[in-house]
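Structural description and commentary
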Amino acid sequence: MPEEKQKKLVYDPLVEIINFYSTKKSDAGVSKAQTATTVEERLKNRIIDGEKKGLEEDLKQALTSYTPLDIINTILLDGMKVVGELFGKGEMQLPFVLQSAEVMKTAVAYLEPFMEKTGDSQKGTMVLATVKGDVHDIGKNLVDIILTNNGYKVINLGIKCPVETMLTAMQEHKADAIGMSGLLVKSTMIMKENLEVMTERSIKVPVLLGGAALTRRYVEEDLRAVFDGPLFYCEDAFSGLRVMEKIVSGESLETPHKEDVLKLPADSSAETIKRIKLVRHQWNKILDYISDEEFIRENTFGRWSVRDIIAHFIGWEKVTVERLQHLMKGELTAIRRFTEEDGQKFNDRCVEEYRNVSRLEIMDVWNETQAAVIAQMQQLKPEHFQGSLEEDSVGAIIAGATFAHEYEHLEKIQARVQMLQQAVAKPSSGIKQRSNVARDVDIPEIPFYGSKIVDDISLDDVFPYINEIALFRGQWQFTRGKMGVEEYDQFVHEKVRPVFDSIKLRCRNERLLMPKVTYGYFPCQSEDDDLIVYQDDLKTEKLRFTFPRQHDGHYYCISDFFAALIKS
């Protein structure tokens, strides 16, 4: 591909979205930054809203009353703190977090020339990298932006980074911590290997781990067992910021197990709402690793399917709303109680009610039901929350029907997903059990040996295969949050789809995306878990692939689907 064409491909759809909204911002009317009465409020709101227009004028005014560092530490970072809270609650989308971070970066760049030069003014230093074998870096780069904007020095080593490179950079820059990121399940195993290397060398620098495939339980139990230094699970970029603040402050780095907290009743309505959202956030992450087929299949993650589990969550959340309504009216005798037998029958009815509902539909119902619980909790007075019903506190009853209950199931799902995916990721461990794939199958004649390239593929044939739900919600992070179904659909139609359509149009007009397919036929035979590919003479081994085999069930292995080598 010509060099100029290659350069055109180097752009990020998230940046495209940010650029799109930066030109549309004024269409929505007057922003909070424009209506705020004080310069402090205007600057804070510019960060929260991602609004650059008028930023320089406000910074000039603020400099007449504050030092540059005071503006950063007491005004701008206060805005970023709000952004972090909104992002953590699912009320701000990732593209807008990046937009806020860009405004913060612009403000800091403007203020830098006015700062007194006092040598290295960074709070602390982190070496940050995506681990070996993984090319995903959106989350890692967001950590870089957030930490940098908060006064930390980040040595970003990029993707596919070996542990040796991280350790060398740590020593060279005298880093306070190492951050490892990875999206793939295989990356969690690489992280474990990296930590084992560090333990062997008695390196005990704090390590922060993040990535969609990680679970808190895996970090706290499996990975902590192989590493002697402080180890932290960071569910998002702002978690990494909080950990770094703890590291550089000199606080104790003993890390309490959050699982225990999520199994206990909260002490207030606000804390209950926070835990409901936190557990739901973790559910959303693990659901990304469960296919639509697995979502409805029974006996994969237990007796129930994942759909069944969510169905009974919905039932108990509806009961919670009903209970809270009666509680606030003082109708204590109307509050439903359940014996163990009653509870089981209720679960079965919930499962049956949603038996034939699609994944998207049941997730929408769960969103709505959970929003109803939170809305009811927000109306609950402190005296109601601190009360009791029979022998249980109101807080305990709510926890048992919402976050603590859902977290208990989440742990089981997380453990099962981790086990299943790591079993697939591991190389074959000598299992000789073969699947029952038929061997007496006629091998069709092939049209040619070697490979061919197809390059006349229309983008109109490719674009329909893009999974828009995965793209919009998963990659671009335009989640529903508190929006209802119709409101979210309208948001996608008016805000997200125009960006998507403009990117597709740009791909066509500027020939940024030119699909090609290479396919071919090669002589091969299988030998146990190996697939042997031959040279054109049909007998000289050219290369050999070793595939993993299922450890139970069908014992499938890819090699089973090719003709077996006949041994003499």
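Criteria and cut-off values
- Residues numbered from 1 in each chain as written.
- Predicted model: local features only at pLDDT ≥ 70, side-chain atom pairs only at ≥ 80, totals over all residues.
- Heavy atoms only, no water.
- Salt bridge = Lys/Arg side-chain N within 4 Å of Asp/Glu carboxyl O.
- Helix = DSSP H or I, 4+ residues; strand = E, 2+ residues; numbered from the N terminus.
- Pairing = 2+ DSSP bridges.
- Axes fitted to C-alpha atoms, helices over the stretch in contact; angles between N-to-C directions.
- Contact = heavy atoms within 4.5 Å.
- Expected span 1.5 Å × (residues − 1).
- Buried < 20%, exposed > 50% of the residue type's maximum accessible area, 1.4 Å probe, protein only.
- Arc of directions from axis to C-beta.
- Core = buried A, V, L, I, M, F, W, Y, C linked by side-chain atoms within 4.5 Å.
- Patch = residues over 30% accessible without salt bridge, like charges linked within 9 Å, V, L, I, M, F, W, Y side chains within 5 Å.
- Areas by Shrake-Rupley, 256 points an atom, 1.4 Å probe, with all protein chains shown as cover.
- Phe/Tyr/Trp six-rings, centres within 6.5 Å; stacked < 30°, edge-to-face > 60°.
- Lys NZ or Arg CZ within 6 Å of the ring centre and 35° of its normal.
- pLDDT = per-residue confidence, 0-100.
- 1 Å grid on protein atoms, 1.4 Å probe; cavity = no way out; pocket = protein on both sides within 12 Å on 5 of 7 lines; lining within 4 Å.
- Points joined across faces, edges and corners; volume = space filled by probe spheres on them.
- Nonpolar A, V, L, I, M, F, W, Y, C, P; charged D, E, K, R; others polar.
- Domains from an automatic or database assignment.
- Parallel < 35°, antiparallel > 145°, perpendicular 65-115°, else oblique.
- Left-handed = near helix turned anticlockwise from the far one by under 90°.

Digging into the pattern of salt bridges
Tallied over the full model, the rule gives 25 salt bridges. For E527, the salt bridge is made with R544, and the minimal N-O distance between the two is 2.9 Å. Taken together, the residues span a long stretch of sequence, with E527 in strand β10 (residues 524–527) and R544 in strand β12 (residues 541–546) at a distance of 17 residues. A network of salt bridges, in which partner residues are shared, links E527, D530, E541 and R544.

Brief notes about the sheet that holds strand β2 (residues 153–156)
Judged by pairing direction, the sheet is parallel, and its five strands sit side by side in the order β2-β1-β3-β4-β5 without closing on themselves. Among the strands making up the open sheet, the edge pair consists of β2 and β5 (231–233). In this sheet, neighbouring strand axes are inclined to one another by 20 degrees on average, regardless of whether the strands run parallel or antiparallel. Relative to the sheet, helix α9 (residues 163–173) contacts β1 (125–130), β2 and β3 (177–181), its axis offset from that of β1 by approximately 165 degrees. Its contacts with the sheet put helix α12 (residues 237–249) on β1, β3, β4 (207–210) and β5, and the angle it makes with β4 is roughly 175 degrees.

Considering helix α17 (residues 340–353)
Given 3.6 residues per turn, any residue in an α-helix points the same way as the ones three and four places further on. With 14 residues, α17 ought to run about 20 Å at 1.5 Å a step, and its terminal C-alpha atoms sit 20 Å apart, in line with that. When we look at burial in α17, the residues that qualify are G343, F346, N347, C350 and V351. Buried residues in α17, looked at end-on, bunch into an arc of 135 degrees, giving them a common side. Within α17, the exposed residues directed more than 90 degrees away from the buried face are E341, R349, E352 and E353.

Concerning the nonpolar core
Formed by 46 residues in total, the largest nonpolar core has its most connected members in W283, L287, V306, I310, I362, M377 and I413. Contributions of two or more residues to this core are made by α14 (269–287), α16 (306–329), α18 (359–379), α20 (394–401) and α21 (403–425). Among the elements that take part in this core, α16 stands out by supplying nine residues, more than any other. Beyond its immediate stretch of four places on either side in the chain, L287 contacts F295, V306, I310, R359 and M363. One finds L59, I71, V143 and F238 within the second-largest nonpolar core, a separate group that totals 41 residues.

Re the environment of I457
Following the sequence through the fold, I457 ends up in the loop between β8 (450–454) and α22 (459–462). Along the chain, I457 and P515 lie 58 residues apart, while their C-alpha atoms are 6.0 Å from each other. When neighbours within four sequence positions are excluded, I457 is seen to be in contact with V462, P515, K516 and V517.

Section: the sheet that holds strand β11 (residues 530–534)
Taking strand neighbours across the sheet as the criterion, the three strands line up as β10-β11-β12 in an open arrangement whose pairing is antiparallel. What marks the edges here is a single partner per strand, and that holds for β10 and β12. Shown here is a sheet whose adjacent strand axes are inclined to one another by a mean of 25 degrees, direction ignored. Pairing of β10 with β11, which is carried by four bridges, proceeds in the antiparallel orientation. Within the sheet, the bridge partner assigned to C524 lies in β11 and is V533.

Quick notes on a nonpolar patch on the surface
There is a patch of nonpolar side chains on the surface, built from I446, Y449, V454, V517, Y519, Y521 and L538 and spanning about 580 Å² of accessible area. Here the element with the most residues in the nonpolar patch is strand β9 (residues 517–521); it accounts for three residues. Considering the arrangement of structural elements, one finds L538 in the loop between β11 and β12. Judged by relative accessible area, which is 45%, L538 ranks as partly exposed.

Regarding the packing of aromatic side chains
Across all of its chains, the model carries 14 aromatic pairs by this definition. Between the aromatic rings of W283 and F313, the centroid separation amounts to 5.5 Å while the plane-to-plane angle is 80 degrees, which identifies the pairing as edge-to-face. Of this pair, W283 sits in helix α14 while F313 sits in helix α16, and the two are 30 residues apart along the sequence. Across the pair, F313 and W283 agree in class, each one buried. Over the aromatic face of W366 sits the side chain of R280, whose NZ or CZ is 3.9 Å from the ring centroid. Over the aromatic face of F448 sits the side chain of K452, whose NZ or CZ is 4.4 Å from the ring centroid.

Section: the confidence of the model for the chain
Within the chain, residue pLDDT values average 82, and 84% of them lie at 70 or more. When the elements of the chain are averaged for pLDDT, helix α1 (residues 3–8) gives the smallest value, 38, and β1 the largest, 96. Confidence drops under a pLDDT of 50 for residues 1–12, and excluding neighbours within four residues, the segment shows 14 contacts in the predicted structure.

Some words on the environment of V351
Position of V351 among the secondary structure elements: in helix α17. Given the relative accessible area of 3%, V351 is considered buried. Between the C-alpha atom of V351 and that of R307, which follows or precedes it by 44 residues, the distance is 8.1 Å. Setting aside its immediate chain neighbours within four residues, V351 contacts W304, D308 and A311.

Remarks on helix α10 (residues 185–200)
If you check α10, its first and last C-alpha atoms are 24 Å apart, about what 16 residues at 1.5 Å a residue would give, namely 22 Å. Positive phi shows up at S202, right after α10, with a value of about 60 degrees.

Description of empty space enclosed by the protein
Under the counting rule described, the total for this entry stands at three cavities of 30 Å³ or more. The space that makes up the largest cavity amounts to roughly 70 Å³. Along the walls of the largest cavity sit T320, R323, L324, L327, I335, L389, V394, I397, I398 and A401, which together make up its complete lining. Elements supplying a minimum of two residues to the lining of the largest cavity: α16 and α20. Among the residues forming the lining of the largest cavity, the class breakdown is eight nonpolar, one polar and one charged. Estimated volume of the second largest cavity: approximately 50 Å³. With three residues, α14 is the single largest residue contributor to the lining of the second largest cavity. Taken together, the residues that form the lining of the second largest cavity break down as four nonpolar, three polar and one charged. Of the residues that make up the lining of the second largest cavity, three or more belong to each of domain 2 (120–249) and domain 3 (269–425).

Re the packing of α16 against α18
Relative orientation and spacing of two packed helices are given, respectively, by the angle between their axes and the distance between those axes. Running from N to C, α16 and α18 cross one another at 25 degrees; their axes reach a closest spacing of 9 Å. Between α16 and α18, the interaxial angle falls into the category roughly parallel. For the pair α16 and α18, the crossing hand works out as left-handed. Where α16 abuts α18, its residues R307, I310, A311, F313, I314, E317, K318, T320, V321, L324, Q325 and M328 lie against I362, M363, V365, W366, T369, Q370, A372, V373, Q376, M377 and Q379. Among the residues forming the contact of α16 with α18, the class breakdown is 14 nonpolar, six polar and three charged.

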